[in-house]
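Descriptive analysis of the structure
Here are the chains, one letter per residue:
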Amino acid sequence: MNSEQTAEDNLKLLQKGSGKLYMLCLGVGILTGLIVSIYRWGLGYANHIRESIFSHEDMSSPMFLVMVWIGFIIVGLLVDLIAKKYPKTSGSGIPQVKGIILRQLDYVKWFQELIAKFIGGLFGIGCGLSLGREGPSVQLGSYIGYGATKIFKRDSVEKKYLVTSGASAGLAGAFGAPLAGVMFSLEELHKFISSKLLICTFLASIASDFVGRRMFGMETAFNLVVNYPKNLNPYFQFGLFILFGIIIACFGKIFTMTLIKIQDIYKGAKLPRWAKVSFVMTTSFILCFILPEVTGGGHELVEEMAGGNRTIQLLIIIFVVKLLFTALSYATGFAGGIFLPMLVLGAILGKIYGMVLMNILGVGPEYIPHYMVLGMAGYFVAVVRAPITGAVLILEMTGNFDHLLALVTVSVVAYYITDLMGLEPIYEILYERMAKDTPDEKLEDSKKTIIGVPVTGESELDGKRICEIKWAEDVLVVAIIRNEREIIPKGNTKIEAGDRLTILLPEKKVHIMKETLYKLGTCS
């Protein structure tokens, strides 16, 4: 946004046609689908190489072992160099996307960072770090959306839609889950729904999924044979769902606390950066050798557990090691997400719960994959606090809608219990801890901008008059969009559910006030 742009110009941007924007979102989705599919294929190939190395007959040779160990450390130091040179590519990438939407970050070198994110994630996860492909995929999509804004010289309003569309397409391409991509952007990144945002994210997600399915086929992300068990009393089974939701919520809090604590320990350790990276890569090397189940994202582990014969004791060990290794891997700041490891941990808890029911109640083995699916959804909801996204994601990844009632029950219980425990969403915590740009030092006090705030039923704004709201200083409601008509408000104008408020405020305060204003207008 240039310095000559006025509030009136911004208002026109909000009201202009969207045909070109929709076409750009479609193009962003196609390109994101291509890049994320290549990234997904690359990770699969890297995992295949890693498994081949550790199954090689020369692994019995001490010299070969030392060479592989040194190779792990060298790769780790190279990935760390990339993360140090391009700090905005570190970690999951989802908090960075949120920062772009809230105007607290800017991708100044977006193309270089896109390449750095791609390479860093490929080599870091390829070396066995317990990180997922979904976070980098979301950020790769946001880079493409941001790049479209720059290449086609779109305005600041359309940048938000393009970046969000790219993020949706990234998640859709990573898991073959277009609806989950849309819901994640609406529920986690924006926390509100508008028709334009819905269309933009749908176009990009469907386009990305279409491209991905041309490369990976029509199969669902998880190849699980899951049937809804019906040989128990439905009321008793409903009670088992509630109990499982409570257990999952407690373990969700453990995940969040562990991730943050190990991140603090890693950053506070009085050791050179190279020494810390070498320690993590050595840990990865050892685990690839003695417990390969906990390395990488864990996609294959989920499919193996559905029919495997591991004992409860071994599953507990795998869960604890996977949890700690995921937290340690994320603490490095290497490109990689926690999304997929979270699902794996939830699946492990589900298998343990199913095995306990088999031992106590004598139920059949069909309860194991059933509760694995419920565990993935519940654990995601407990940590991310996005219940709709969690349910939709698992339904799309398994392709079985028989579990809808059970999924929703476990998800709602997990969400409610974590709410009682006062557990913040993990991406909100990571966003607050993330280093941000300082736009308020760069902007002049006189520059104004306009944002749109939706009003939902039973929100704090619903049914109130303009004069009854305690607006923050320098905030002015300049228009109300109601049923596609613009109303110029007065002090006694009543706000109704379904309205969209056009609010004028200082540009330097947007990143501080935008989320607060959204919370006033919505029920979040």
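Structural notes, computed from the coordinates. (Residues numbered from 1 in each chain as written. Predicted model: local features only at pLDDT ≥ 70, side-chain atom pairs only at ≥ 80, totals over all residues. Heavy atoms only, no water.)

Quick look at the packing of aromatic side chains
Which entries qualify depends on this criterion: In summary, the pairing rule links any two rings of Phe, Tyr or Trp, Trp by its six-membered ring, whose centres are within 6.5 Å, and it sorts them by plane angle into stacked for under 30 degrees, edge-to-face for over 60 and tilted for everything else. Helix and strand labels come from DSSP, where a helix needs a run of H or I of at least four residues and a strand needs a run of E of at least two; each type is numbered from the N terminus. Whether a residue is buried, partly exposed or exposed follows from its accessible area with a 1.4 Å probe, protein chains only, as a fraction of its type maximum: under 20%, in between, or over 50%, in that order. Comment: the charge-over-ring label is applied if NZ (Lys) or CZ (Arg) is within 6 Å of the ring centre and within 35 degrees of the ring normal.
Under the counting rule described, the total for this entry stands at 19 aromatic pairs. Both rings, one in phenylalanine 241 and one in tyrosine 371, keep their centres 6.1 Å apart while their planes meet at 55 degrees; by these two values the pair is tilted. Taken together, the positions of phenylalanine 241 in helix α10 (residues 234–268) and tyrosine 371 in helix α15 (residues 367–384) put the pair 130 residues apart, joining distant regions of the chain. Comparing phenylalanine 241 with tyrosine 371 shows no difference in burial state: the two are buried. Members of the aromatic cluster, connected to one another through ring pairs, are Phe175, Phe184, Phe339, Phe380 and Tyr427. Between the NZ or CZ atom of lysine 160 and the centre of the ring of tyrosine 161, over which it lies, the distance is 5.3 Å. When the ring centre of phenylalanine 210 is taken as origin, the NZ or CZ atom of arginine 214, which lies over that ring, is 4.4 Å away.

Quick word on the pattern of salt bridges
How we decide: Basic side-chain nitrogens of Lys or Arg form a salt bridge, by our definition, when they fall within 4 Å of a carboxyl oxygen of Asp or Glu.
Applying the stated criterion to the full structure yields 10 salt bridges. Among the salt bridges present, the one from aspartate 209 reaches arginine 213, with a minimum N-O distance of 2.9 Å. You can see aspartate 209 and its partner arginine 213 sitting in helix α9 (residues 195–216), four residues apart, about one turn around the helix. Comparing aspartate 209 with arginine 213, the two get one shared label, buried. A salt bridge links aspartate 419 to arginine 385; its shortest N-O distance comes to 3.3 Å. Here aspartate 419 is found in helix α17 (residues 404–420), whereas its partner arginine 385 is found in the loop between α15 and α16 (387–398), with 34 residues between them in sequence. On the accessibility criterion, aspartate 419 (45% relative accessible area) is partly exposed. A single network of salt bridges, built from pairs that share partners, joins Glu293, Glu304 and Arg310.

Some remarks on the side chain of threonine 32
We apply this condition: Any pair of residues with heavy atoms lying within 4.5 Å of one another is described as a contacting pair.
In this structure, threonine 32 sits in helix α2 (residues 19–54). Excluding residues within four positions of it along the chain, threonine 32 makes contact with Ser37, Gly141, Ile144, Gly166, Ala169, Gly170 and Ser208.

Examining the environment of valine 384
For valine 384, the location among the structural elements is in helix α15. Relative accessible area serves as the criterion here: at 0%, valine 384 is assigned to the buried category. Taking the C-alpha atoms as reference points, valine 384 and proline 425, 41 residues apart in sequence, are found 4.8 Å from one another. Dropping the residues within four chain positions of it, valine 384 is found in contact with Glu188, Met342, Pro425, Ile426 and Tyr427.

Observations concerning helix α5 (residues 110–126)
Quick reminder: α-helices carry 3.6 residues per turn. Residues three or four places apart thus point the same way. Basically, it comes down to this: For a helix, the expected span equals 1.5 Å multiplied by the number of residues minus one.
A rise of 1.5 Å per residue sets the reference length of α5, with its 17 residues, at 24 Å; its end C-alpha atoms lie 24 Å apart and thus fit the reference within 8%. Along α5, 12 of the 17 residues are buried, which leaves the element largely enclosed by surrounding structure. Where α5 is concerned, the buried positions are Trp110, Glu113, Leu114, Ala116, Lys117, Phe118, Gly120, Gly121, Leu122, Gly124, Ile125 and Gly126. Where the residues of α5 are buried, they touch α2, α3 (62–85) and α6 (134–151).

Quick word on the packing of helix α4 (residues 94–101) against helix α18 (residues 426–433)
What counts, and what does not: Axes here mean lines fitted to C-alpha atoms, for a helix over just the part in contact, with angles spanning 0 to 180 degrees between N-to-C directions. Each angle gets one of four labels, with under 35 degrees taken as roughly parallel, over 145 as roughly antiparallel, 65 to 115 as roughly perpendicular, and the rest as oblique. Residues were grouped as follows: Ala, Val, Leu, Ile, Met, Phe, Trp, Tyr, Cys and Pro as nonpolar; Asp, Glu, Lys and Arg as charged; and all remaining residues, including Gly, as polar.
In the contact formed by α4 and α18, the axes pass within 9 Å of each other and the chain directions differ by 70 degrees. Regarding the angle of α4 to α18, the classification is roughly perpendicular. Contacts between α4 and α18 involve Ile94, Pro95, Lys98 and Gly99 on the former and, on the latter, Tyr427, Glu428, Leu430 and Tyr431. Per-class residue counts for the contact of α4 with α18 are five nonpolar, one polar and two charged.

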